Amino acid sequence: MGQLERVDADRLRAWLSEVRSAEATAALMTAVAYDRGIGTAELASWYDRSEEWVEETITALDSPGLVSTVARLEGVDIGAVAAESNLAPATVRDWFDDLGDEPADVVRRYAEGSVEPVRTGSPSTVYHLDRDALTEHGWSLDDEDLFEKAADADLDLPEYGRFLVEPGESILEAAERGGRSWPYACRGGACSNCAVVVVKGDVAMPGQSILSDEQIRGANARLSCVGVPITDEVKIVTGIGDTEAFADLRLPSPTEETEASD
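Parameters at a glance
Residues numbered from 1 in each chain as written. Predicted model: local features only at pLDDT ≥ 70, side-chain atom pairs only at ≥ 80, totals over all residues. Heavy atoms only, no water. Helix = DSSP H or I, 4+ residues; strand = E, 2+ residues; numbered from the N terminus. Buried < 20%, exposed > 50% of the residue type's maximum accessible area, 1.4 Å probe, protein only. Contact = heavy atoms within 4.5 Å. Areas by Shrake-Rupley, 256 points an atom, 1.4 Å probe, with all protein chains shown as cover. Core = buried A, V, L, I, M, F, W, Y, C linked by side-chain atoms within 4.5 Å. Patch = residues over 30% accessible without salt bridge, like charges linked within 9 Å, V, L, I, M, F, W, Y side chains within 5 Å. Salt bridge = Lys/Arg side-chain N within 4 Å of Asp/Glu carboxyl O. Lys, Arg positive; Asp, Glu negative; His and termini not counted. Charge placed at Lys NZ, Arg CZ, Asp CG, Glu CD. Phe/Tyr/Trp six-rings, centres within 6.5 Å; stacked < 30°, edge-to-face > 60°. Lys NZ or Arg CZ within 6 Å of the ring centre and 35° of its normal.

Draft legend 1. Summary view of the overall build of the protein chain. Each helix and strand in the protein chain was counted, giving 13 helices and seven strands. Buried positions account for 46% of the 262 residues belonging to the protein chain. Expressed as a percentage of contacts within the protein chain between residues at least 6 apart in sequence, the contacts between residues at least 24 apart total 65%. Summed over its atoms, the accessible surface of the protein chain is roughly 13300 Å², and 45% of this surface lies on carbon and sulfur atoms.

So this is what it looks like as structure tokens:
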């Protein structure tokens with residue numbers, strides 16, 4: 001029985017053949033040696049590091065945050081990736097840690113390439129509930145069982161439903177592919193017409209330029225025209241772009257322009 005508590009040392013050894021940086025290699029070898037019974041003071045001497053560095057490195061690797069720690073050691077700028085994705089750094093760290101098959105390939109892509117938004121290689125299921133239906137039934141965005149209530153209320157399209165978003169699709173594109181007619185205008189992340197609120201899961205927004213940090217972090221608002229799910233399941237409330245809080249960010253929609261010309 002080794003000294004590591006959460007991570008199997010064999011998993012760390014497997015990472016050793018995948019990493020490229022000297023920093024990541026030293027960190028992994030330190031944790032493996034520690035698991036074999038080598039003390040932190042001796043390890044500090046081996047690698048010419050402080051004992052504090054040894055202890056912090058072992059703690060970071062012997063945790064659910066293993067993959068994001070390796071990514072950081074490999075040189076991935078978590079903060080820059082978060083900014084590019086319009087996500088919080090903690091969300092990006094969680095995304096790395098939740099990577100399924102072949103996480104080393106993804107880490108290498110981000111370590112060796114330019115900064116790019118996070119993206120998933122598998123489909124995501126999106127459940128949607130219309131804000132008007134929510135208001136009509138007296139529900140709240142804060143209700144933990146909001147979507148359970150919607151499912152039990154026999155709601156149907158367009159008020160409630162679900163669809164699959166394929167890799168590379170935005171939520172709006174997938175909704176339209178499924179026959180839904182959702183509000184939009186610019187289709188490029190520069191207005192609030194297609195805004196939704198994420199109730200469960202998370203959505204990256206590469207290219208958005210209109211929502212404030214408070215709207216993104218505080219209200220959990222996203223733009224469906226550039227919104228890309230990064231979790232297997234996402235639950236959203238639609239029609240948020242029509243609310244007073246987003247009124248100043250709206251643009252005339254193609255439908256509104258057509259109606260005005262008739």
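Draft legend 2. Structural context of the nonpolar core. Membership of the largest hydrophobic core comes to 40 residues, with the highest contact counts inside it found for Leu12, Trp15, Val92, Trp95, Phe96, Tyr110 and Val118. Ranked by residue count, the leading element in this core is helix α2 (residues 22-35), at seven residues. Contacts of Val92, omitting those with residues within four sequence positions, involve Ile78, Val81, Ala82, Leu87 and Val118.

Draft legend 3. Quick peek at the environment of Leu61. Positionally, Leu61 belongs in helix α4 (residues 51-61). Given a relative accessible area of 0%, Leu61 falls into the buried group. For Leu61 and Thr30, which are 31 residues apart along the polypeptide, the C-alpha to C-alpha distance reads 10.0 Å.

Draft legend 4. Layout of a negative patch on the surface. Residues Glu51, Glu52, Glu55 and Glu56 make up a contiguous surface patch of negative charge. By secondary structure assignment, the location of Glu56 is in helix α4.

Draft legend 5. Geometry of the packing of aromatic side chains. Counted according to the given criterion, the structure contains five aromatic pairs. Between Trp95 and Phe96 the ring centres are 5.1 Å apart and the planes differ by 75°, which places this aromatic pair in the edge-to-face class. No difference in accessibility class separates Trp95 from Phe96, as the two residues are buried. For the pair Phe96 and Tyr110, a centre-to-centre distance of 5.5 Å together with 75° between the ring planes defines the contact as edge-to-face. Pair noted here: Phe96 is in helix α7 (residues 89-97) and Tyr110 is in helix α8 (residues 103-112), with a separation of 14 residues, a long-range link. Residue classification places Tyr110 among the buried positions, given a relative accessible area of 6%. Three or more aromatic residues joined by ring pairs form one cluster here, namely Trp95, Phe96 and Tyr110. The ring of Tyr184 has Arg187 sitting right over it, with the charged end atom 4.6 Å from the ring centre.

Read these as layout, nothing more, since geometry by itself doesn't imply function.
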